[in-house]
Amino acid sequence: MEKLIITAAICGAEVMKKDNPNVPYTVKEIVKEARLAYEAGASIIHLHVREDDGTPTQSFERFKACIDGIKEECQDVIIEPSTGGAVGMDNDERLSPIFLKPEIASLDCGTCNFGKNDIFVNTEETIRYFAKKMKEFEVKPEIEVFDKGMIDTAIRLYREKLLKAPLQFNFVMGVRGGINAGLMDLAFMKASIPEGSAFTVTGIGKAQFTMAAMAIAAGGHVRVGFEDNVYIRKGVLAKSNGEMVEKAVRISKEIGREIATPKEAREILHLI
Ligand code: KMH
Ligand code: ZN
């Protein structure tokens with residue numbers, strides 16, 4: 001089977017130190033968490049950034065500082081900034097890391113309820129606007145889908161040539177408001193993407209490692225990290241993103257699937 005690409009979503013925009021004191025906020029903390037994840041086997045860092053007090057931001061300067069710092073400590077890692085940002089941010093604010101011309105960035109392909117009282121808004125016009133900007137700046141979109149209809153939206157954009165094959169999907173599963181995190185849900189999502197596409201699976205909360213195991217067995221790739229889950233096992237907070245990546249590595253190796261280096265991940269995702 002193709003080698004496994006592990007993405008570490010090291011801080012996200014929602015989870016806070018009150019949830020797990022090891023969630024990174026400052027540039028120094030973010031760079032350290034990226035390094036620990038990279039050393040454990042992550043080839044992609046999905047990057048959100050924060051102010052020093054933990055407030056989520058899409059500040060260009062903050063992204064630049066974190067990306068420069070990560071590149072210094074983990075030379076060849078793939079850095080994938082978020083264009084999702086946090087619920088409520090405006091489009092141009094969300095797009096700011098694109099101007100740093102990363103190799104890849106997230107592209108959220110639909111609107112959904114996000115937790116009990118938030119809505120993560122991505123109208124089709126917003127998605128088109130983001131896709132055009134990514135094309136202009138030669139950034140490969142990682143198509144984030146929280147439900148099956150979002151795959152259909154992405155396919156529509158692909159037919160309009162706003163997205164280029166091979167497509168790279170990230171199935172985010174288990175968000176309150178999106179698709180559940182289960183075996184049949186994954187089978188449905190996998191069967192719904194165009195042939196030749198790659199997919200990563202992100203299991204939210206307690207689904208993180210069960211979905212990782214299913215993704216590994218199904219030939220997909222895996223995302224773990226504090227953005228999605230703060231526990232390493234039931235009731236035990238994770239010490240670092242590195243600890244979560246190590247666990248994904250162990251699961252994969254146990255069933256005979258080797259881990260992709262950043263160079264191999266670039267080849268698999270057609271980034272080079
Ligand atoms: N923070 C979420 C509202 C992405 O990175 O593109 C959106 C998110 C998706 O995290
Ligand atoms: Zn994210």
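It should be noted that the structure appears before, not after, this text.
Residues numbered from 1 in each chain as written. Chains lettered and ligands numbered in written order. Predicted model: local features only at pLDDT ≥ 70, side-chain atom pairs only at ≥ 80, totals over all residues. Heavy atoms only, no water.

### Structural notes on the overall build of the protein chain
Right, so step 1: Helix and strand counts for the protein chain come out as nine helices and 14 strands.
Right, so step 2: In summary, the protein chain has a C-alpha radius of gyration of 17 Å against a globular reference of 19 Å for 272 residues, a match within 12%.
Right, so step 3: Principal-axis analysis of the C-alpha atoms gives the protein chain an extent of 45 × 40 × 40 Å.
Right, so step 4: Each of the 272 residues in the protein chain was classed as buried or not, and the buried ones make up 57%.
Right, so step 5: Contacts in the protein chain between residues at least 24 apart in sequence constitute 70% of all its contacts with a sequence separation of at least 6.
Right, so step 6: Approximately 11,900 Å² of the protein chain is accessible, and the part contributed by carbon and sulfur atoms is 52%.
Right, so step 7: For the protein chain, the distance from the average site of its 36 positive side-chain charges to the average site of its 40 negative ones is 3 Å. (Helix = DSSP H or I, 4+ residues; strand = E, 2+ residues; numbered from the N terminus. Rg over C-alpha atoms; globule rule 2.2 N^0.38 Å. Buried < 20%, exposed > 50% of the residue type's maximum accessible area, 1.4 Å probe, protein only. Contact = heavy atoms within 4.5 Å. Areas by Shrake-Rupley, 256 points an atom, 1.4 Å probe, with all protein chains shown as cover. Lys, Arg positive; Asp, Glu negative; His and termini not counted. Charge placed at Lys NZ, Arg CZ, Asp CG, Glu CD.)

### Comments concerning the nonpolar core
Right, so step 1: In terms of nonpolar packing, the biggest core is built from 77 residues, with Ile 6, Leu 47, Ile 70, Val 145, Phe 169, Phe 171 and Val 245 touching the most fellow members.
Right, so step 2: Residues Ile 5, Ile 104, Ala 198 and Ala 265 belong to the second largest nonpolar core, which totals 10 residues. (Core = buried A, V, L, I, M, F, W, Y, C linked by side-chain atoms within 4.5 Å.)

### With respect to the site of ligand 1
Right, so step 1: Around ligand 1, a shell composed of 13 residues is seen, among which Glu 14, Ser 82, Gly 85, Ser 106 and Asp 108 lie nearest.
Right, so step 2: Between ligand 1 and Gly 84 there is a distance of 3.4 Å, counted from an oxygen atom to a backbone nitrogen or oxygen.
Right, so step 3: Across the complex, the protein chains shield 98% of the 300 Å² of accessible surface that ligand 1 would expose by itself.
Right, so step 4: Along the lines of polarity and charge, the residues of the shell around ligand 1 split into three nonpolar, six polar and four charged. (Near = heavy atom within 4 Å. Polar contact = N/O pair within 3.5 Å; in protein donor to acceptor, adjacent residues only side chain to side chain. Nonpolar A, V, L, I, M, F, W, Y, C, P; charged D, E, K, R; others polar.)

### Re the packing of aromatic side chains
Right, so step 1: As enumerated under the stated definition, the model contains seven aromatic pairs in all.
Right, so step 2: Between the aromatic rings of Phe 99 and Phe 137, the centroid separation amounts to 5.0 Å while the plane-to-plane angle is 85 degrees, which identifies the pairing as edge-to-face. You can see Phe 99 sitting in the loop between helix H3 (91-95) and strand E6 (104-108) and its partner Phe 137 sitting in the loop between helix H4 (124-136) and strand E9 (140-145), a full 38 residues away along the chain.
Right, so step 3: Since its relative accessible area comes to 43%, Phe 99 is described here as partly exposed.
Right, so step 4: Phe 137 gets classed as buried once you look at its relative accessible area, which sits at 17%.
Right, so step 5: Seen from their ring centres, Phe 171 and Phe 199 are 5.2 Å apart, and the 15 degrees between their planes marks the pair as stacked. Here Phe 171, found in strand E10 (residues 168-173), pairs with Phe 199, found in strand E11 (residues 198-203); they are 28 residues apart in sequence, far enough to count as distant. (Phe/Tyr/Trp six-rings, centres within 6.5 Å; stacked < 30°, edge-to-face > 60°.)

### Some remarks on the coordination of the zinc ion (ligand 2)
Right, so step 1: His 46 (NE2), His 48 (NE2) and Glu 227 (OE) make up the full set of protein donors to the zinc ion (ligand 2), lying at 2.1 to 2.2 Å.
Right, so step 2: Read in sequence order, the donor residues for the zinc ion (ligand 2) give the motif H-x1-H-x178-E. A residue pair is termed long-range when its members are at least 10 positions apart, and His 46 in strand E2 (residues 44-47) and Glu 227 in the loop between strand E12 (221-224) and strand E13 (231-233) qualify at 181 residues. Of the two residues, His 46 and Glu 227, both sit in the buried class. (Donors = N, O, S within 2.8 Å, 3.2 Å for Na, K, Ca; no water.)

### Regarding helix H2 (residues 60-73)
Right, so step 1: An ideal rise of 1.5 Å per residue puts 20 Å on 14 residues; H2 measures up with 20 Å between its terminal C-alpha atoms.
Right, so step 2: Along H2, the positions that sit buried rather than exposed are Arg 62, Phe 63, Cys 66, Ile 67, Gly 69 and Ile 70. Buried residues in H2, looked at end-on, bunch into an arc of 165 degrees, giving them a common side. Opposite the packed face of H2, turned more than 90 degrees from it, sit the exposed residues Glu 61 and Glu 72. (Expected span 1.5 Å × (residues − 1). Arc of directions from axis to C-beta.)

### Structural notes on the pairing of E11
Right, so step 1: Burial of E11 is extensive: six of the six residues sit out of reach of the surface.
Right, so step 2: Burial along E11 is two-sided: Ala 198, Thr 200 and Thr 202 facing one way and Phe 199, Val 201 and Gly 203 facing the other are all buried.
Right, so step 3: Where E10 and E11 come together, six bridges link them in parallel fashion. By the bridge assignment, Val 172 is partnered in E11 with Thr 202.
Right, so step 4: Once you follow E10 into helix H6 (residues 183-192) and on to E11, the crossover reads as right-handed.
Right, so step 5: Sheet topology places E11 next to E12; three bridges connect them, and they run parallel. By the bridge assignment for E12, Val 201 is matched with Val 222. (Pairing = 2+ DSSP bridges. Right-handed = clockwise from strand over helix to strand, strands pointing away.)

Keep in mind these numbers describe shape, not what the thing actually does.
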